[in-house]
Amino acid sequence: MIPVEEAIDIILQVVQPLQPVRVPFHDALGLVLAEDVHAAEPMPPFRAASVDGYAVISNDPAPVRRVVGDQSAGYIDDLQVTTGTAVRVTTGAPVPPGADAMVMVEFTEEQDGRVAINTTVDPGSNVRPVGQDLTEGQLVLAQGTLMGPPYVGLLAMIGKTEVLVHPKPTVGVMSTGDELVEPGDLPKPGQIRDANRFSLMSAVREVGGIPIDLGKVTDEAGKLKETIERGLSSANALLTSGGVSMGQLDLVKPYLAERGQVHFGRVRAKPGKPVTFATIDGTPVFAMPGFPVSALVSFEVYVRPALLKMAGHTRLNRPRRRVTLSHDVSHTTGRTEFQRAIVTHGTDGEYTAITTGFQGSGRLLSMHGANALLVLPYQQGDFPAGTEVEAIITGPLQETDREFDR
Ligand code: AMP
Ligand code: MG
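Residues numbered from 1 in each chain as written. Chains lettered and ligands numbered in written order. Predicted model: local features only at pLDDT ≥ 70, side-chain atom pairs only at ≥ 80, totals over all residues. Heavy atoms only, no water.

In this section: the overall build of the chain. Secondary structure assignment for the chain yields six helices and 28 strands. Radius of gyration (C-alpha) of the chain: 31 Å, far over the 22 Å computed for a compact globule of 406 residues. Put simply, the chain has 406 residues, and 47% of those count as buried. Of the roughly 19,700 Å² of accessible surface on the chain, 51% is carried by carbon and sulfur atoms. On the chain, the mean spot of the 35 positive side-chain charges and the mean spot of the 47 negative ones are 8 Å from each other. (Helix = DSSP H or I, 4+ residues; strand = E, 2+ residues; numbered from the N terminus. Rg over C-alpha atoms; globule rule 2.2 N^0.38 Å. Buried < 20%, exposed > 50% of the residue type's maximum accessible area, 1.4 Å probe, protein only. Areas by Shrake-Rupley, 256 points an atom, 1.4 Å probe, with all protein chains shown as cover. Lys, Arg positive; Asp, Glu negative; His and termini not counted. Charge placed at Lys NZ, Arg CZ, Asp CG, Glu CD.)

Let us look at unusual backbone geometry. With an omega of -5°, the peptide bond running from Met43 to Pro44 counts as cis. Along the chain, Pro44 falls in the loop between β3 (37-38) and β4 (48-49). Between Lys270 and Pro271 the backbone carries a cis peptide bond, its omega angle lying at -5°. Counting through the fold element by element, Pro271 comes out in the loop between β20 (269-270) and β21 (276-280).

The subject of this paragraph is the nonpolar core. Membership of the largest hydrophobic core comes to 42 residues, with the highest contact counts inside it found for Leu239, Phe299 and Tyr302. Of all elements in the fold, only α1 (4-14), β14 (170-176), α3 (196-206), β18 (237-241), β22 (283-288), α6 (292-310) and β26 (372-376) reach the threshold of two or more residues within this core. A total of 12 residues in this core trace back to one element, the largest contributor, which is α6. If we skip the residues at most four places from it in the chain, Tyr302 touches Val4, Ala7, Ile8, Ile11, Val267, Ala269, Val275 and Phe286. Counting 16 residues, the second-largest nonpolar core is a separate cluster that includes Ala28, Val140, Leu141 and Met147. (Core = buried A, V, L, I, M, F, W, Y, C linked by side-chain atoms within 4.5 Å. Contact = heavy atoms within 4.5 Å.)

Let us look at the pattern of salt bridges. A side chain of one charge can pair with a side chain of the opposite charge when the charged atoms of the two come close. For the coordinates displayed, the defined rule picks out 15 salt bridges. A salt bridge links Asp60 to Arg65; its shortest N-O distance comes to 3.9 Å. The pair formed by Asp60 and Arg65 is uniform in burial state, with each residue classed as buried. Salt-bridge contacts for Arg128 lead to Asp133; the nearest nitrogen and oxygen are separated by 2.7 Å. Within this structure, Glu182, Asp194, Arg197 and Asp213 form a network of salt bridges that share partners. (Salt bridge = Lys/Arg side-chain N within 4 Å of Asp/Glu carboxyl O.)

Another point: the packing of aromatic side chains. Describing an aromatic ring pair means giving the distance of the ring centres and the angle of the ring planes. Using the criterion set out here, one finds three aromatic pairs in the structure. With centroids separated by 6.4 Å and ring planes inclined at 55°, the aromatic side chains of Phe264 and Tyr302 adopt a geometry described as tilted. You can see Phe264 sitting in strand β19 (residues 261-264) and its partner Tyr302 sitting in helix α6, a full 38 residues away along the chain. Tyr302 carries the same exposure label as Phe264, and that label is buried. A connected cluster of aromatic rings, assembled from ring pairs, spans Phe264, Phe277, Phe286 and Tyr302. (Phe/Tyr/Trp six-rings, centres within 6.5 Å; stacked < 30°, edge-to-face > 60°.)

Now for the layout of surface pockets. The calculated volume of the largest pocket comes to roughly 580 Å³. In terms of lining, the largest pocket is formed by 32 residues, of which the most central are Gly242, Ser245, Pro289, Gly290 and Phe291. Breaking the lining of the largest pocket down by element, the ones donating at least two residues are β14, β16 (192-193) and α6. Here the residues of the lining of the largest pocket sort into 10 nonpolar, 13 polar and nine charged. Of the voids in this model, the second largest pocket is the one considered here, and its volume is about 420 Å³. Lining the second largest pocket are 16 residues; nearest its centre among them are Glu206, Leu296, Glu300, Arg318 and Met367. Secondary-structure elements contributing two or more residues to the lining of the second largest pocket are α3, α6 and β26. Tallied by class, residues from the lining of the second largest pocket come to eight nonpolar, three polar and five charged. (1 Å grid on protein atoms, 1.4 Å probe; cavity = no way out; pocket = protein on both sides within 12 Å on 5 of 7 lines; lining within 4 Å. Points joined across faces, edges and corners; volume = space filled by probe spheres on them. Nonpolar A, V, L, I, M, F, W, Y, C, P; charged D, E, K, R; others polar.)

As structure tokens, this is what we get:
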């Protein structure tokens, strides 16, 4: 049995970012950049008017100026501003040579081809100089950037129509167990519905991966082998649930050991002691315990950082906070326990935690409403109210005096 931290270290040593691929820039949302992106040209590429109005010479003493033409956006007219003249210019249009300022139309009066300026004019006012927003050659987006909407816009702006990114990991997800039926089916005596395949596929999607549904398999070596092999041929990583405990029909671990390399098979954790990590021909395989909470908590602790790393992320960890327990929390030494909790914070900056009630590994409702996992170290026993413990923050924090659902 190895400590949780060691298990995570092993996983992150083995798992590597996926080979970058070139994609159309507009498909890059949610992906991590695998190259530095520089601007080939300045932005704006010409001196641009930032208002509708008149291009003038700022220190021109003429009280009224002759309007010598129109310059609107989208082309460059052959116009020149000289002392005593002005050009009518629209927002986004090039400011004609000679002019060093734009006067907003709101501060002018035009009559019979002449315009009066009713304001003081500072040099450079309302003119966006060349390269104000981006200079030529500037680093616009660095490798490792998670692409959000403004970044897609920046790629469009600089004409970078294809970009190198890490792909989203595809993750084959399967459930094992003779007792499992599909959610839409009526369980016969002794049967239950398969919950894990769907919670795990959702967790994969939430962290930015692409789940591949491998279905559920019965506890038969042949079926198990066939499904794992199908997963290996179609996905970047595999997730199984069930069949890794000590029962006679827990056949997942033996197959992983026979077919690949098992890096660990027991972790000093509760829930999730039998969680198993293997690689088969380089493909990471995470074998999760069957209890629905064990499967999802194990996903959170071991699989989530791995999938983030595969997708090219460099920040793999959730934020952690010291939180004060609002009530006694019982805990047996020997395994690091992850209790589901609701963490709130007061205006004094203090974080307070209450657990979500009975912490049974089958009670999926113990994850409902939780925004944190309390980390109760294996060396220490019960924690009385008022104790500070560490919490992994998994969801949005609420303010203490706000109402919340339980
Ligand atoms: P196992 O890890 O296969 O020994 O399963 C542990 C417990 O989790 C048993 O009570 C199983 O019935 C239950 N279980 C296993 N797989 C699933 C699943 N896919 N959905 C819901 N419960 C499951
Ligand atoms: Mg089972």
